[in-house]
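Reading the structure
Listed here are the chains, written in short residue letters.
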Amino acid sequence: MLLPELKAEIMKLPPGDRLALVAAIVESLQETPVSIPERSAAIHRMRGLLKTDQPAPTDREVATMLEERRLEKYSHFK
């Protein structure tokens, strides 16, 4: 059975059965060991996403950014 067919069949199940299916899938994944190199590679990629050449903002700059965001978000209530 192909994935689209499987999804269509799942949607026909009552909510309780779908929840039980999710639990069974999660349980099956927990039993699958994740290799340390695979996990390390994922962590390395995530760190790369956060990397920047700019210095971290100061507390004052963060406070200013938050205040600007609040003004943008709530200015339409005035």
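Look up a bit, the structure's there.
Only a predicted model underlies this, so the values are computations on that prediction, with no experimental measurement involved. (Residues numbered from 1 in each chain as written. Predicted model: local features only at pLDDT ≥ 70, side-chain atom pairs only at ≥ 80, totals over all residues. Heavy atoms only, no water.)

On to the overall build of the chain. What the chain contains, in helices and strands, is four helices and zero strands. Against the globule reference of 12 Å for 78 residues, the chain gives a C-alpha radius of gyration of 23 Å, more extended than a compact globule. Once the C-alpha set of the chain is aligned to its principal axes, its extents read approximately 55 × 45 × 20 Å. Total accessible area on the chain stands at roughly 7,700 Å², and carbon and sulfur atoms take up 63% of it. Taking the average location of the 12 positive side-chain charges in the chain and that of its 12 negative ones, the two points are 4 Å from each other. (Helix = DSSP H or I, 4+ residues; strand = E, 2+ residues; numbered from the N terminus. Rg over C-alpha atoms; globule rule 2.2 N^0.38 Å. Areas by Shrake-Rupley, 256 points an atom, 1.4 Å probe, with all protein chains shown as cover. Lys, Arg positive; Asp, Glu negative; His and termini not counted. Charge placed at Lys NZ, Arg CZ, Asp CG, Glu CD.)

For the coordinates displayed, the defined rule picks out two salt bridges. Taking the shortest distance from any N to any O, the salt bridge between Glu 9 and Lys 12 comes out at 3.1 Å. The partly exposed category is assigned to Glu 9, whose relative accessible area is 36%. A salt bridge links Glu 67 to Arg 70, with the nearest nitrogen and oxygen atoms 3.4 Å apart. Of the two residues, Glu 67 and Arg 70 both sit in helix 4 (residues 59-74), three residues apart, roughly one turn of that helix. (Salt bridge = Lys/Arg side-chain N within 4 Å of Asp/Glu carboxyl O. Buried < 20%, exposed > 50% of the residue type's maximum accessible area, 1.4 Å probe, protein only.)

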